[in-house]
Amino acid sequence: MNQYASDVAFTPSVKAIQTSKGSRATYSRVEQGSGWLTSITPELEAFISGLDMFYLGTSNSTGQPYIQYRGGSPGFLKVIDQKTLGFADFAGNRQYITLGNLAENPKAFLFLMDYTNSRRIKVWGTARVVEDDEELMNRLHDPQYPAKPERVILFTIEAWDMNCHQHIHKRFSRNDILPIIGKLRAKNQALQEQLDQYESRTES
């Protein structure tokens with residue numbers, strides 16, 4: 001049992017390096033204060049509701065890590081309860097590395113990125129695969145999203161932290177960009193029409 005929620009990441013080895021590098025005192029104060037959170041807050045739920053992608057990390061029984069991109073409609077990662085997140089797992093390339101890893105090692109990690117606003121949240125916990133639960137699938141799957149759901153993955157939160165936004169390069173999704181492009185095109189069309197009218201008057 002960890003003394004602090006952040007101990008899921010701050011192992012004795014990590015703390016020793018923090019000490020040698022001069023940052024242990026800072027993180028010790030974080031531990032003594034509010035520390036990392038262990039359940040879903042309204043802030044985390046709001047952050048998740050706008051995501052259309054995230055990264056899921058797992059590892060096999062020997063510790064070999066694997067990271068997989070997961071994408072869907074905005075908000076496809078959903079809150080089940082105060083400790084649990086879930087999402088519909090879509091058909092893919094049939095390598096099943098994530099499923100195989102979770103079958104022998106339930107420890108998992110979510111890396112949640114908001115590139116538009118340069119924010120990130122790290123979530124530690126465990127994950128499990130749920131097959132053939134139609135009711136749960138219907139709860140999590142967006143029928144408007146053009147992909148075939150095959151199963152559900154549930155993620156139980158052990159700890160999470162929203163940390164430094166440094167060095168996060170802004171990225172904008174297609175849904176962010178299209179309205180801006182539409183406005184620019186409309187403005188360009190209006191200016192072109194004004195120019196055509198002006199040229200027509202000057203030629204007559």
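Predicted, not measured: the structure shown is a model, and the values here were computed from it. (Residues numbered from 1 in each chain as written. Predicted model: local features only at pLDDT ≥ 70, side-chain atom pairs only at ≥ 80, totals over all residues. Heavy atoms only, no water.)

**Q** Sorry, what's going on with the packing of aromatic side chains here?
**A** To describe a pair of aromatic rings, you give the distance between the ring centres and the angle between the ring planes. Counted according to the given criterion, the structure contains 11 aromatic pairs. A ring pair is formed by Phe 54 and Phe 87, whose centres lie 5.1 Å apart and whose planes are at 75 degrees; its orientation type is edge-to-face. Of this pair, Phe 54 sits in strand E1 (residues 53-59) while Phe 87 sits in strand E4 (residues 84-90), and the two are 33 residues apart along the sequence. Of the two residues, Phe 54 and Phe 87, neither departs from the other in class, the shared state being buried. (Phe/Tyr/Trp six-rings, centres within 6.5 Å; stacked < 30°, edge-to-face > 60°. Helix = DSSP H or I, 4+ residues; strand = E, 2+ residues; numbered from the N terminus. Buried < 20%, exposed > 50% of the residue type's maximum accessible area, 1.4 Å probe, protein only.)

**Q** Quick question: what am I supposed to make of the environment of Ser 39 here?
**A** One can find Ser 39 in the loop between helix H2 (24-32) and helix H3 (42-49). You can call Ser 39 partly exposed: its relative accessible area is 26%. For the pair Ser 39 and Ile 121, spaced 82 residues apart in the sequence, the C-alpha separation amounts to 13 Å. Residues in contact with Ser 39, not counting those within four places in the same chain, are Gln 82, Lys 83 and Trp 160. (Contact = heavy atoms within 4.5 Å.)

**Q** Even after reading the chapter, I still don't get the nonpolar core, so can you show me in this structure?
**A** Soluble globular proteins tend to pack their nonpolar side chains together in the buried interior. Leu 110 and Leu 112 are the most contacted members of the largest nonpolar core, which has 22 residues in total. Looking at this core, the elements that each hand over two or more residues are H3, E1, E4, strand E5 (107-114), strand E6 (119-130) and strand E7 (149-162). Top contributing element to this core by residue count: E7, with 4 residues. Contact partners of Leu 112, with chain neighbours within four places excluded, come to Leu 44, Phe 47, Ile 48, Leu 51, Phe 54, Leu 77, Arg 119, Arg 120, Ile 121 and Val 123. Of all hydrophobic cores here, the second largest spans 8 residues; its members include Ala 88, Leu 136, Met 137 and Val 152. (Core = buried A, V, L, I, M, F, W, Y, C linked by side-chain atoms within 4.5 Å.)

**Q** Would you mind showing me how to read the sheet that holds E6 here?
**A** Strand pairing in a sheet takes place through backbone hydrogen bonds and is either antiparallel or parallel in direction. Spatial ordering of the open sheet is given by E2-E1-E5-E6-E7-E4-E3, a layout of 7 strands whose pairing is antiparallel. Two strands bound the open sheet, and with one partner strand each, they are strand E2 (65-71) and strand E3 (78-81). Strand-to-strand, the axes of this sheet are offset by a mean angle of 35 degrees, without reference to chain direction. Two elements, E4 and E7, share 7 bridges in a ladder whose sense is antiparallel. Bridge pairing links Phe 90 to Pro 149 in E7. (Pairing = 2+ DSSP bridges. Axes fitted to C-alpha atoms, helices over the stretch in contact; angles between N-to-C directions.)

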